[in-house]
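Topology and contacts: notes
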Amino acid sequence: MTFGIPLVDPQVDFFPGGALGVRDGDQIVAPINELLRRHPKAPLFASRDWHPVSTRHFAARGGKWPLHCVQDTPGAEFHPGLEMARAEVFDKGMNPDDDAGYSAFEGVSKVQRGRSLADTFAVRHVDALLVAGLATDYCVKASVLDALKRNITTFLFTPGVRAVELQPGDGERAIAEMRAAGALLVS
Ligand code: VGL
Ligand code: ZN
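Right, let's walk through the structure included here.

Here we come to the pattern of salt bridges. When charged atoms on two side chains of opposite charge get close, those side chains can pair. A full pass over the atoms with the stated rule returns 9 salt bridges. The shortest N-O distance in the salt bridge between Glu83 and Arg37 comes to 3.0 Å. Pair noted here: Glu83 is in the loop between strand S2 (44–49) and strand S3 (88–92) and Arg37 is in helix H1 (residues 29–38), with a separation of 46 residues, a long-range link. We note a salt bridge from Arg48 to Asp91, for which the minimum N-O separation is 2.6 Å. Residue Arg48 is found in strand S2, and its partner Asp91 is found in strand S3; the two are separated by 43 residues along the sequence.

Okay, the site of ligand 1 next. The local shell around ligand 1 consists of Asp9, Phe14, Leu20, Asp49, His57, Trp65, His68, Leu134, Ala135, Tyr138 and Cys139. Between ligand 1 and His57, the relevant distance is 3.1 Å, taken from a nitrogen atom to a side-chain nitrogen or oxygen of the residue. Between Ala135 and ligand 1, the recorded distance is 3.0 Å, taken from a backbone N or O atom to an oxygen atom. Split by residue class, the shell around ligand 1 holds 7 nonpolar, 2 polar and 2 charged.

So, on to the coordination of the zinc ion (ligand 2). Distances from the zinc ion (ligand 2) to its protein donors, Asp49 (OD), His51 (NE2), His57 (NE2) and His68 (NE2), fall at 2.0 to 2.2 Å. Donor residues binding the zinc ion (ligand 2) come from one chain and are separated in sequence as D-x1-H-x5-H-x10-H. Taken together, the residues His57 in the loop between S2 and S3 and His68 in the loop between S2 and S3 connect sequence positions 11 residues apart. The exposure classification of His57 matches that of His68, with both residues buried.

Turning to the packing of aromatic side chains, a few remarks are in order. For the structure shown, the criterion picks out 5 aromatic pairs. Summarising the aromatic geometry, the rings of Trp65 and Tyr138 are spaced 4.8 Å apart at their centres and angled 90 degrees between planes, so their arrangement reads as edge-to-face. With Trp65 in the loop between S2 and S3 and Tyr138 in helix H3 (residues 136–149), this residue pair connects regions lying 73 residues apart in the sequence. The same class applies to Trp65 and to Tyr138, which are both buried. Ring centres of Tyr102 and Tyr138 lie 6.2 Å apart, and the angle between their planes is 40 degrees; this geometry places the pair in the tilted category. Placement of Tyr102 in the loop between S3 and strand S4 (108–109) and of Tyr138 in helix H3 is noted, with a sequence separation of 36 residues between them. Among the aromatic side chains, those forming a connected cluster through ring pairs are Phe45, Phe90, Phe105 and Phe121. The positively charged end of Arg48 is found above the aromatic ring belonging to Trp50, 3.5 Å away from the centroid.

Moving on, we get to the sheet that holds S3. In space, the 7 strands of this open sheet follow the order S4-S3-S2-S1-S5-S6-S7, with mixed pairing throughout. The two strands at the open ends of the sheet, each matched to only one other strand, are S4 and strand S7 (184–186). In terms of strand pairing, strand S1 (residues 3–8) meets S2 through 4 bridges, oriented parallel. By the bridge assignment for S2, Ile5 is matched with Leu44. H1 contacts S1, S2, strand S5 (128–134) and strand S6 (153–162) of the sheet and is inclined by roughly 135 degrees relative to S6.

With that settled, consider unusual backbone geometry. Between Leu134 and Ala135 the backbone carries a cis peptide bond, its omega angle lying at -10 degrees. Tracing the sequence through the fold places Ala135 in the loop between S5 and H3. Its identity as a non-glycine residue notwithstanding, Asp72 has a phi of 65 degrees, on the positive side. Mapping Asp72 onto the fold places it in the loop between S2 and S3. Given the relative accessible area of 69%, Asp72 is considered exposed. At Arg113, a position not held by glycine, the phi torsion is positive, near 45 degrees. By secondary structure assignment, the location of Arg113 is in the loop between S4 and helix H2 (117–123). Given the relative accessible area of 85%, Arg113 is considered exposed.

Reading guide: rules and limits
- Residues numbered from 1 in each chain as written.
- Chains lettered and ligands numbered in written order.
- Predicted model: local features only at pLDDT ≥ 70, side-chain atom pairs only at ≥ 80, totals over all residues.
- Heavy atoms only, no water.
- Salt bridge = Lys/Arg side-chain N within 4 Å of Asp/Glu carboxyl O.
- Helix = DSSP H or I, 4+ residues; strand = E, 2+ residues; numbered from the N terminus.
- Near = heavy atom within 4 Å.
- Polar contact = N/O pair within 3.5 Å; in protein donor to acceptor, adjacent residues only side chain to side chain.
- Nonpolar A, V, L, I, M, F, W, Y, C, P; charged D, E, K, R; others polar.
- Donors = N, O, S within 2.8 Å, 3.2 Å for Na, K, Ca; no water.
- Buried < 20%, exposed > 50% of the residue type's maximum accessible area, 1.4 Å probe, protein only.
- Phe/Tyr/Trp six-rings, centres within 6.5 Å; stacked < 30°, edge-to-face > 60°.
- Lys NZ or Arg CZ within 6 Å of the ring centre and 35° of its normal.
- Pairing = 2+ DSSP bridges.
- Contact = heavy atoms within 4.5 Å.
- Axes fitted to C-alpha atoms, helices over the stretch in contact; angles between N-to-C directions.

If you want it as structure tokens, here you go:
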């Protein structure tokens, strides 16, 4: 068994002070770094919300969200405190005409000719995941549910996630949903 660590959208805009800042999001940095240090050989993957400036994902075009993670802007960069130099990066959310791209499985590799995350797991013999990142109630949840649908053993690293909570309780509900679908919680 090889477990991989997908970090979901650990980008400046999702941390406090960012365009779509998640409360206490900065608290995920230290536990994730410790996890990465303890598992130096675990393959690391990072998804990146990577939007065009105009997309149906944004409120200006009927979506839910303020402008965030626009391609090649500072807000779309990875949090500078995360030790993720070894990460293989997957971009998602590029289609201007839909509000898709929540799941990291929709991501395509930045360097491997658009290779999908699922294909990359096969290439790397990754058959279990320990997931962390932002935000619990959106992209983390979508990624975990997608992984479970693909019959990948999936653990959620709870110190490494935080929720947007457009409605109070969304974070807890998202965790309950992931558990009900088969995710195992790890702290
Ligand atoms: C996300 C809202 C909008 C996420 C992305 O990464 O969880 N949430 N876009
Ligand atoms: Zn987004």
